[in-house]
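Architecture and fold: a report
One letter stands for each residue in the lines below.
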Amino acid sequence: MPVNNFKYQSQKLLDCVHSFSHKDKKEEIFLDGENLSFKDMNHIFENETKVSLTQDQKILARIKHCYEHMIKQVENGVPVYGVNTGYGGQASLVVNEGTKEQRLAMAQKISDSIVHVDVSTGPVVPKAITRLAIAIRANMLMKGVSAVCPEDIYKFC
């Protein structure tokens, strides 16, 4: 079967995650950007376990600081890829004219225009794979280096 076949790839992922099966159960997994194990991923994959974000104030402060720093860069007209610039082939388009408020409004419009890239058509991805992918992404964002709005990470869990 070709490697690029969606069903084949999905089954390989399912097989991989199931290879970490275990009998013990966790009530909750806290994502902190560092400690998501294969065992945790299996718990998430099988939908046994509630997924929450850490309440570690140091981590949450780092996420907030990175986001606020990015906002200040936009306010000051500094090009930030995909925020106040185009993306992909349009990355050289920089929108940094006007007042702080106008620059922030334009950055919001650019951000909103990316939504069409986030969703697409194609085969339905099994719920377990979607749940695990979202948890992995949320965990990565908890590192606090992506300049994501802290409230947006909470939407994942």
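Okay, so let's go over this structure. Fair warning: this is a prediction, and the values are worked out from it, not measured in the lab. (Residues numbered from 1 in each chain as written. Predicted model: local features only at pLDDT ≥ 70, side-chain atom pairs only at ≥ 80, totals over all residues. Heavy atoms only, no water.)

**What to know about the overall build of the protein**
Of the regular secondary structure elements, the protein holds 7 helices and 2 strands. Walking the protein from its N terminus toward its C terminus, one meets helices and strands in the order α-β-α-β-α-α-α-α-α. Per-residue burial over the protein gives 32% buried out of 157 residues. Partitioning the contacts of the protein with sequence separation of at least 6, the portion at a separation of at least 24 is 57%. Surface summary for the protein: the accessible area is close to 10,400 Å², and the carbon and sulfur share equals 57%. (Helix = DSSP H or I, 4+ residues; strand = E, 2+ residues; numbered from the N terminus. Buried < 20%, exposed > 50% of the residue type's maximum accessible area, 1.4 Å probe, protein only. Contact = heavy atoms within 4.5 Å. Areas by Shrake-Rupley, 256 points an atom, 1.4 Å probe, with all protein chains shown as cover.)

**Considering the nonpolar core**
Of all hydrophobic cores here, the largest spans 19 residues; its most connected members are Leu-31, Leu-36, Ile-44, Met-142 and Ile-153. For this core, the elements supplying multiple residues, two or more each, are strand 1 (28–31), helix 2 (38–45), strand 2 (50–53), helix 3 (57–75) and helix 6 (127–141). With 5 residues, the single largest contributor to this core is helix 6. For Ile-44, the contacting residues outside a window of four places in its chain are Ile-29, Leu-36, Val-51, Arg-131, Leu-132 and Ala-135. (Core = buried A, V, L, I, M, F, W, Y, C linked by side-chain atoms within 4.5 Å.)

**Digging into the packing of helix 2 against helix 6**
It is at 8 Å that the axes of helix 2 and helix 6 come closest, and there the two elements cross at 135°. Comparing the axis directions of helix 2 and helix 6 gives the class oblique. Helix-helix and strand crossings are classified by hand; for helix 2 and helix 6 the assignment is right-handed. Residues Met-41, Ile-44 and Phe-45 of helix 2 pack against Ala-128, Ile-129, Arg-131, Leu-132, Ala-135 and Ile-136 of helix 6. (Axes fitted to C-alpha atoms, helices over the stretch in contact; angles between N-to-C directions. Parallel < 35°, antiparallel > 145°, perpendicular 65-115°, else oblique. Left-handed = near helix turned anticlockwise from the far one by under 90°.)

**Structural notes on the pattern of salt bridges**
Evaluated as defined, the whole model comprises 4 salt bridges. Its salt-bridge partner being Lys-143, residue Glu-34 comes within 3.5 Å of it at the nearest N-O pair. Here Glu-34, found in the loop between strand 1 and helix 2, pairs with Lys-143, found in the loop between helix 6 and helix 7 (150–154); they are 109 residues apart in sequence, far enough to count as distant. Assessed through its relative accessible area of 55%, Glu-34 is described here as exposed. Exposure remark for Lys-143: the relative accessible area of 33% places this residue in the partly exposed category. When the shortest N-O distance is used, the salt bridge between Asp-152 and Lys-155 registers 3.1 Å. Lys-155 gets classed as exposed once you look at its relative accessible area, which sits at 66%. (Salt bridge = Lys/Arg side-chain N within 4 Å of Asp/Glu carboxyl O.)

**Remarks on the pairing of strand 1**
A one-sided burial pattern is seen for strand 1, the buried positions being Ile-29 and Leu-31 and the unburied ones Glu-28 and Phe-30. For the handedness criterion, the β-α-β arrangement of strand 1, helix 2 and strand 2 is classed as right-handed. (Right-handed = clockwise from strand over helix to strand, strands pointing away.)

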